[in-house]
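# Structural overview for review
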Amino acid sequence: PAHASAIAALEASVSAWMTSAAPVARTGGHEGVARIFDRMDSRAEQSLLSALESAVPGAGERVRALMFTFDDLAHLDAGGLQTLLSAADRTRLTYALKGAREETRAAFFRNMTQRAGELLREEIDMLGAVRRSEIETARMELVDLARTLIERGDIRAGRPQDEDELVE
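Just so it is clear, the structure is predicted and the values come from calculations on it, not from any experiment.

Let's shift gears to the pattern of salt bridges. Scanning the model with the defined rule gives 7 salt bridges in all. Where Glu123 meets Arg90, a salt bridge forms, and the shortest distance between an N and an O atom there is 3.2 Å. One end of the pair, Glu123, is in helix α9 (residues 114-127); the other, Arg90, is in helix α7 (residues 90-97), and 33 residues separate them in sequence. For Arg90, a relative accessible area of 32% puts it in the partly exposed group. Arg101 serves as the salt-bridge partner of Glu103, at 2.9 Å between the closest nitrogen and oxygen. Within the structure, one salt-bridge network assembled from shared partners comprises Asp71, Arg101 and Glu103.

Time to look at the nonpolar core. Of all hydrophobic cores here, the largest spans 26 residues; its most connected members are Phe70, Leu73, Leu84, Leu93, Leu97 and Phe108. Looking at this core, the elements that each hand over two or more residues are α6 (78-87), α7, α8 (102-110), α9 and α10 (132-152). Take this core: its biggest share by element is 5 residues, from α10. Among residues more than four places away in sequence, those in contact with Leu97 are Phe70, Arg105, Phe108, Phe109, Leu120 and Ile124. Counting 10 residues, the second-largest nonpolar core is a separate cluster that includes Phe37, Met40, Ala44 and Leu49.

Right, let's talk about the packing of aromatic side chains for a bit. A complete count under the given rule lists 1 aromatic pair for this structure. One cation-aromatic arrangement involves Arg92 over Tyr95; the distance from NZ or CZ to the ring centre is 5.7 Å. For the cation-ring pair, Arg121 lies above Phe109, with the distance from its terminal atom to the ring centre recorded as 3.9 Å.

Mapped onto the secondary structure, Asn111 falls in the loop between α8 and α9. A distance of 2.8 Å separates a polar side-chain atom of Asn111 from the backbone oxygen of Ala107. Not counting the four nearest positions on each side in its chain, Asn111 is found in contact with Ala78, Leu81, Gln82 and Leu85.

Looking now at the environment of Leu10. Along the chain, Leu10 turns up in helix α1 (residues 4-20). Along the backbone, Leu10 and Val33 are 23 residues apart, and their C-alpha atoms lie at a distance of 9.9 Å. If sequence neighbours within four positions are ignored, Leu10 has contacts with Ile36, Phe37, Met40 and Leu48.

When the terminal C-alpha atoms of α10 are compared, their 30 Å separation across 21 residues agrees well with the 30 Å that a helix rising 1.5 Å per residue should span. Regarding α10, the residues found buried are Ile135, Glu136, Ala138, Arg139, Leu142, Val143, Ala146, Arg147 and Leu149. Two residues or fewer past α10, Gly153 is found with a positive phi of approximately 85°.

Okay, the packing of α7 against α9 next. Direction vectors running N to C along α7 and α9 enclose 70°, while the axes themselves pass 9 Å from each other. Comparing their axes, α9 and α7 come out roughly perpendicular. Two packed elements cross with a definite hand, and for α7 against α9 that hand is right-handed. Contact residues: Arg90, Leu93, Thr94, Tyr95 and Leu97 in α7; Ala116, Leu119, Leu120, Glu123, Ile124 and Leu127 in α9. Of the residues that constitute the contact of α7 with α9, the class distribution is 8 nonpolar, 1 polar and 2 charged.

Conventions adopted
- Residues numbered from 1 in each chain as written.
- Predicted model: local features only at pLDDT ≥ 70, side-chain atom pairs only at ≥ 80, totals over all residues.
- Heavy atoms only, no water.
- Salt bridge = Lys/Arg side-chain N within 4 Å of Asp/Glu carboxyl O.
- Helix = DSSP H or I, 4+ residues; strand = E, 2+ residues; numbered from the N terminus.
- Buried < 20%, exposed > 50% of the residue type's maximum accessible area, 1.4 Å probe, protein only.
- Core = buried A, V, L, I, M, F, W, Y, C linked by side-chain atoms within 4.5 Å.
- Contact = heavy atoms within 4.5 Å.
- Phe/Tyr/Trp six-rings, centres within 6.5 Å; stacked < 30°, edge-to-face > 60°.
- Lys NZ or Arg CZ within 6 Å of the ring centre and 35° of its normal.
- Polar contact = N/O pair within 3.5 Å; in protein donor to acceptor, adjacent residues only side chain to side chain.
- Expected span 1.5 Å × (residues − 1).
- Axes fitted to C-alpha atoms, helices over the stretch in contact; angles between N-to-C directions.
- Parallel < 35°, antiparallel > 145°, perpendicular 65-115°, else oblique.
- Left-handed = near helix turned anticlockwise from the far one by under 90°.
- Nonpolar A, V, L, I, M, F, W, Y, C, P; charged D, E, K, R; others polar.

Dropping the structure here:
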């Protein structure tokens, strides 16, 4: 069975989701659940995905495949990541990269000038210990910003190999 705090977090998220209802009109089923899970911290997300998979075999994997996470930002093309970097709040970016996976950090730093990367690394180091909740909130804000930029057409979602082939 799922942990009581995980169920409470899911209930709160579903309640907030039902209240706002705007995203619900565009999505449904597994995609709607994926949007809810996108807003959870990673521990609650893993716990609930496991519980969902146990309750409905295959459902957890389908939801996981539809989720768009902070680590997925590393798979944006260079132009998209640079657009995201220019639109992002520097402080929130600093918090989001604190303790991030090396692959994710490397993708961000590859898309900055060497000097900007050095300064950001120093800022991250100077943060010291940071609450996990602050990091998760900053990451969620970056993912939300990326979604907004994708919806506006400023950046493309997906990995480079998913892009259309160019024809001359």
